[in-house]
Amino acid sequence: MRIYRAKDYEEMSRRAAGIVSAQIIMKPDCVLGLATGSTPVGLYKQLIEWYRNGDLDFSGVRTVNLDEYKGISRENDPAGNTHLPDGMEPDSEKECRRYEELIRSMGSVDLQLLGIGHNGHIGFNEPSDVFDKQVHCVNLTQSTIEANKRFFASAEDVPKQAYTMGIQTIMRSKKILIMANGEGKADIVRDS
């Protein structure tokens, strides 16, 4: 395990984007596991800038998203190489099985990007000492709903369930990059 420290969010985002871009350059047909939330936004902006400058080619890259709220429809149809759980699939077992099989069919995720929640959650996996879960549907905790209400009009609009890769699925990745930013995450990073 390597720990990289950065002086600020911008430096952290650039360094993380450098790690992702190196993966793409080394293996142009790599599989990236992508996280959502506010932490990786700067990384994504940097990758977009390098792409627009002609420094990166994503044409062979395939992606799998870490998670998706259940009950939320897609606003944009993902491109052919972009995959995420179907939040509108009401049959949780069916969707979890489909997404797990899709990830397995792609081979190993070459680089999985993760953020970490204030309480240590990864994706929508709450802290636990059991890591045997694959893709599954989870009931969101009140603290997770509170943390995510900033993405919605109100706390009532935040979905109460989500599909997420389980820790077992995540740990099959060849490399994992966890990003954490700010004083609010310092304790959980120190204690992890």
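You'll find the structure just up there.
First, a word on what this report is: a plain description of the structure on this page. As the structure is a computational prediction, the values presented were derived from the model and not from experiment. (Residues numbered from 1 in each chain as written. Predicted model: local features only at pLDDT ≥ 70, side-chain atom pairs only at ≥ 80, totals over all residues. Heavy atoms only, no water.)

### Overview of the sheet that holds strand 7 (residues 161-164)
Ordered in space as 3-7-6, the three strands form an open sheet in which the pairing is antiparallel. Looking at which strands have only one partner, the edges of the open sheet turn out to be strand 3 (67-69) and strand 6 (136-139). On average, adjacent strands in this sheet sit at an angle of 25 degrees to one another, irrespective of strand direction. Sheet analysis places strand 6 next to strand 7, joined by four bridges and oriented antiparallel. Looking at the pairing, C137 lines up with Y163 of strand 7. (Pairing = 2+ DSSP bridges. Helix = DSSP H or I, 4+ residues; strand = E, 2+ residues; numbered from the N terminus. Axes fitted to C-alpha atoms, helices over the stretch in contact; angles between N-to-C directions.)

### What about the pairing of strand 1 (residues 31-34)?
A regular strand carries its side chains on alternate faces of the sheet. Pairing of strand 1 with strand 2 (residues 62-65), which is carried by four bridges, proceeds in the parallel orientation. Counted as the bridge partner of L34 is N65 from strand 2. The handedness of the strand 1 to strand 2 crossover, carried by helix 2 (residues 41-52), is right-handed. Of the strand pairs in this sheet, strand 1 and strand 5 (residues 111-115) are connected by two bridges, and their pairing is parallel. Residue L32 lies in a different strand from strand 5, and its bridge partner there is L111. (Right-handed = clockwise from strand over helix to strand, strands pointing away.)

### Brief notes about the nonpolar core
Of all hydrophobic cores here, the largest spans 34 residues; its most connected members are V20, L43 and V64. With five residues, helix 1 (residues 9-26) is the single largest residue contributor to this core. Ignoring sequence-local partners within four residues, the contact set of V64 consists of V31, L32, G33, L34, H83, Y99, I103, M106, V109 and M165. Counting seven residues, the second-largest nonpolar core is a separate cluster that includes V138, L140, I145 and V158. (Core = buried A, V, L, I, M, F, W, Y, C linked by side-chain atoms within 4.5 Å. Buried < 20%, exposed > 50% of the residue type's maximum accessible area, 1.4 Å probe, protein only. Contact = heavy atoms within 4.5 Å.)

### Description of the pattern of salt bridges
The full count for this structure, using the stated rule, is eight salt bridges. Put simply, D110 and K27 hold a salt bridge, and the shortest N to O gap is 3.1 Å. In this pair, D110 is assigned in the loop between helix 3 (92-105) and strand 5 and K27 in the loop between helix 1 and strand 1, connecting sequence segments 83 residues apart. Through salt bridges with shared partners, a single ionic network connects K27, D110 and K174. (Salt bridge = Lys/Arg side-chain N within 4 Å of Asp/Glu carboxyl O.)

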